[in-house]
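Coordinate inspection notes
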Amino acid sequence: MNIGEVKALVCSALEPLGVPVSYQRDDGPEYPSFSFCVRPDGGAAWGDGIPLGSAVRIQLDGWSLKSIADLNQAAKGRLLSVGCLYEGGRDLYEEDIGVHHRVQQFYYCKEE
């Protein structure tokens, strides 16, 4: 599995929510919006010494000028529906820029 496949999976899963989604935010923010990053997780799932699949961890960040708990919950549901496993999350408030920030971590493993 390559990063392009994971980017496409996340973007297509979140598209119905109707807010901007970006991979590793690189320009000025829009609110509300989501950004995400992907980290390889050891490369593969194994069975009897044979690689069965590859795995990644996905961090999804929700950004808003006000609380968007419902939108963040909907994003979680969309990622669960495409096979991601939820690992945890936390709510933050970025005082220096006055923005609500929800961080959610997911695990995704694809059989090969």
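Residues numbered from 1 in each chain as written. Predicted model: local features only at pLDDT ≥ 70, side-chain atom pairs only at ≥ 80, totals over all residues. Heavy atoms only, no water.

Quick word on the nonpolar core
To keep it simple, the criterion reads: Residues grouped as a nonpolar core are buried Ala, Val, Leu, Ile, Met, Phe, Trp, Tyr and Cys residues, joined through side-chain atoms within 4.5 Å. Each residue's exposure class comes from its accessible area (1.4 Å probe, protein chains only) as a fraction of the maximum for that residue type: buried when under 20%, exposed when over 50%, partly exposed otherwise. Strands here mean DSSP runs of E at least two residues long; helices mean DSSP runs of H or I at least four residues long; both are numbered from the N terminus. Two residues form a contact once any of their heavy atoms are found within 4.5 Å.
Formed by 19 residues in total, the largest nonpolar core has its most connected members in Val10, Ile58, Leu60, Leu79 and Cys84. At the level of secondary structure, the elements contributing two or more residues to this core comprise helix H1 (3-14), strand E2 (33-40), strand E4 (50-64), helix H2 (69-81) and strand E6 (99-111). For this core, the element with the highest residue contribution is H1, accounting for 5 residues. With near-sequence residues (within four places) excluded, Ile58 lies in contact with Val6, Val10, Phe36, Cys37, Val38, Cys84, Gln104, Gln105, Phe106 and Tyr108.

Overview of the packing of aromatic side chains
Quick reminder of the rule: A pair of aromatic rings is counted whenever rings of Phe, Tyr or Trp (Trp by its six-membered ring) have centres within 6.5 Å, and the orientation is called stacked for planes under 30 degrees apart, edge-to-face for over 60 and tilted otherwise. For a lysine, the NZ atom is tested; for an arginine, the CZ atom; a charge sits over a ring if that atom is within 6 Å of the ring centre and within 35 degrees of the ring normal.
What the rule picks out here adds up to 2 aromatic pairs. Where Tyr86 meets Phe106, the ring centres are 5.5 Å apart and the plane angle is 65 degrees; that geometry is what we call edge-to-face. In this pair, Tyr86 is assigned in strand E5 (residues 85-94) and Phe106 in strand E6, connecting sequence segments 20 residues apart. Looking at Tyr86, the relative accessible area reads 29%, which means it is partly exposed. Here Phe106 falls in the buried class, since its relative accessible area comes to 0%. The cationic tip of Lys76 hangs over the ring face of Tyr86; the distance from NZ or CZ to the ring centre is 3.9 Å.

By themselves, these observations are geometric and do not establish any function.
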